[in-house]
Amino acid sequence: MIDFGFTPFAAGVTDLDKANLSLAKQITEHEPSFNLCISCGSCSATCTAGQFTKFSFRVMCHQIRKGNTTLAIEEASKCMLCGKCTLICPRNVNTRNIIRLVRKAQTTTP
Amino acid sequence: MTKTVAIIGGGVAGLETAKQLNSLGYSVKLFEKSNTLGGHVAKWDRLFPNKRHASEVVSSLTLSQGNTQTLVGTTVSSIKRQHGNFIISANSNNHEADAVVLATGFELFPAEKKEEYGYGLFENVITSADLEQMFIKHGKPAMASGHKPVRIAFIHCVGSRDEKVNRPYCSKVCCVTAVKQAIEVKEAIPNCEVFCFYMDLRMFGPGYEDLYKEAQSKGVTFIRGRLSESSEIEGGRVQIKAEDTLASTPLKMSVDIVVLMVGMSPQLDTSKLAADLGLSLNADGFIAATDLHTNPTETTTKGVFVTGACTGPNNITDTVNAAKATALDVHNYLSR
């Protein structure tokens, strides 16, 4: 067999057949506004932690939806809970509660 | 005896409805609170998608009014039902009508409500309507100091898709207006850099996507991200911050002029008239019709019809179509 140098699922490709979406389901159950994000970026643009680190609330939520739980949990630790993102979100997403739920998952994940 | 129809509002919707009912032989009274006809369109320079002068549309509508009795500078204070007829009180006079059409339109979202954007605080933060006035008066935008701008940013969705200011709905026409204005800036000041900050570009109408492509080909830069805040820097310039969501990085830049694409809000006076007539409002504050799909011009109050942007954000073409439909429904009602 000739090796053409590419595979159907290279590293970094999102495979939603295999992704573990349990954290996304858990957050949606406790905080339904998690699903209402329109990815406008207001939260990340206004983020206090984002001024000093690469933290982006929007990207963290996106990682959770793709099943990259470990990465998302790591990211959530950067948040300072200042609440500016909650104030600016045009869809009234309860961002602070989502951070809280991700951190809770951190303590319950083995 | 000739039946009388009262039309409240002398913008595109009211003018087209009046024109149609006139040609169907009704006696039409058109009430307009301001001193001129044409509504918001009369304050616009050129129209999407073909950059036609707005004044052409307004004059074509006003010149085809026939026997319509137009009452400008006339504010309707109340409408009452009496023995199947309507008594319209306006400027302390009473007028009788057999049917009423509400064509009261919309008002522009008051941009100062988005305080973090700096409208009313920083002199070079303007609205899309202000920019149209600059085009009408000078043919091109200028900074408050009179200097020629070399960098302009358009901010989409100001007072649209924003629950923080109680405007959760999309105003439909601001996307394409921003694209049109971006092109006009490029044409008037070719070396001016133009940026559009958008969330989604809703190019739903004929020719809109072409306009978007034209803007791209003229060098307009589209950045996918909502403005978080603006602040004034030296020379009256404005620094703006957003997330470049496609790159997932925070973004800041300084510009000479920020143009806020203000959305369409329900007209405040209309809610009072609607209450007078027992009409219900949609959750967004615009007037509800009997059936959104099959009966978009009739209301739950017999003899009262709605048309145009008082039922929700609309462009001119759809408003004219709605007005023609309303005229036919009024005719069917009155000839029953």
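Computed from a prediction, not measured in an experiment: that's the story for all the values here.

Definitions and cut-offs
Residues numbered from 1 in each chain as written. Chains lettered and ligands numbered in written order. Predicted model: local features only at pLDDT ≥ 70, side-chain atom pairs only at ≥ 80, totals over all residues. Helix = DSSP H or I, 4+ residues; strand = E, 2+ residues; numbered from the N terminus. Buried ≥ 20, exposed ≤ 12 C-beta atoms within 10 Å, placed from the backbone. Contact = placed C-beta atoms within 7 Å. Pairing = 2+ DSSP bridges. Axes fitted to C-alpha atoms, helices over the stretch in contact; angles between N-to-C directions. Nonpolar A, V, L, I, M, F, W, Y, C, P; charged D, E, K, R; others polar. Domains from an automatic or database assignment. Parallel < 35°, antiparallel > 145°, perpendicular 65-115°, else oblique. Left-handed = near helix turned anticlockwise from the far one by under 90°. Expected span 1.5 Å × (residues − 1).

Draft legend 1. Quick look at the overall build of chain A. Scanning chain A for helices and strands turns up six helices and zero strands. When the helices and strands of chain A are read in sequence order from the N terminus, they spell out α-α-α-α-α-α. Considering chain A as a whole, with its 110 residues, one finds that 35% of them fall into the buried category. Across chain A, contacts joining residues at least 24 apart in sequence account for 64% of those joining residues at least 6 apart.

Draft legend 2. The arrangement of the sheet that holds strand β17 (residues 249-255) of chain B in detail. Residues and elements named next belong to chain B. Strands sit in the order β15-β16-β17 across an open sheet of three strands; the sheet is antiparallel. Because the sheet does not close on itself, it has two edges, and the strands there are β15 (227-232) and β17. On average, each strand axis in the sheet is inclined to that of its neighbour by 20°, with strand direction left out of account. Across seven bridges, strand β16 (residues 238-244) lies against β17 in antiparallel orientation.

Draft legend 3. Structural detail: the interface of chain A and chain B. Contacts between the two partners involve 16 residues from chain A and, on the opposite side, 15 residues from chain B. Listing elements by their share of the side of chain A that touches chain B, those giving two or more residues are α2 (42-46) and α3 (57-65) of chain A. Among the elements that line the side of chain A that touches chain B, the one with the most residues is α2 of chain A, at four residues. Considered class by class, the residues forming the side of chain A that touches chain B number six nonpolar, eight polar and two charged.

Draft legend 4. Fine view of the sheet that holds strand β8 (residues 93-97) of chain B. Residue and element names in this part refer to chain B. The sheet built from three strands is open, its strands ordered β6-β7-β8 with antiparallel pairing. Where the open sheet ends on each side, the last strands, each with one partner, are β6 (76-82) and β8. Ignoring which end each strand starts from, the neighbouring axes of this sheet average 25° apart.

Draft legend 5. Up close: the domain arrangement of chain B. Residues and elements named next belong to chain B. According to the domain assignment, chain B consists of domain 1 (4-105 + 267-334) and domain 2 (111-264). In this structure, domain 1 and domain 2 have C-alpha centres spaced 31 Å apart. Between domain 1 and domain 2, the residue contacts involve 12 residues of the former and 19 residues of the latter. Within the side of domain 1 that touches domain 2, the residues separate by chemical class into five nonpolar, two polar and five charged.

Draft legend 6. Summary view of the packing of helix α1 (residues 12-23) of chain B against helix α7 (residues 316-334) of chain B. Residue and element names in this part refer to chain B. It is at 8 Å that the axes of α1 and α7 come closest, and there the two elements cross at 40°. Between α1 and α7, the interaxial angle falls into the category oblique. Along this stretch, α1 crosses α7, giving a crossing that reads as right-handed. Across from V12, A13, E16, T17, Q20 and L21 in α1, the residues of α7 making contact are I316, T319, V320, A322, A323, K324, T326, A327 and V330. Of the residues belonging to the contact of α1 with α7, the class tally is nine nonpolar, four polar and two charged.

Draft legend 7. View of α1 of chain B. All names here are of chain B. Along its 12 residues, α1 runs 17 Å from first to last C-alpha, staying within 8% of the 16 Å computed at 1.5 Å per residue. α1 sits mainly inside the fold: 11 of its 12 residues count as buried. Looking only at α1, the buried set comprises V12, A13, G14, L15, E16, T17, A18, K19, Q20, L21 and N22. Residues of α1 that are buried sit in contact with β1 (4-8), β2 (27-32), α2 (54-63), β9 (99-102) and α7. Positioned one or two residues after α1, G25 has a phi angle of 95°, which is positive.

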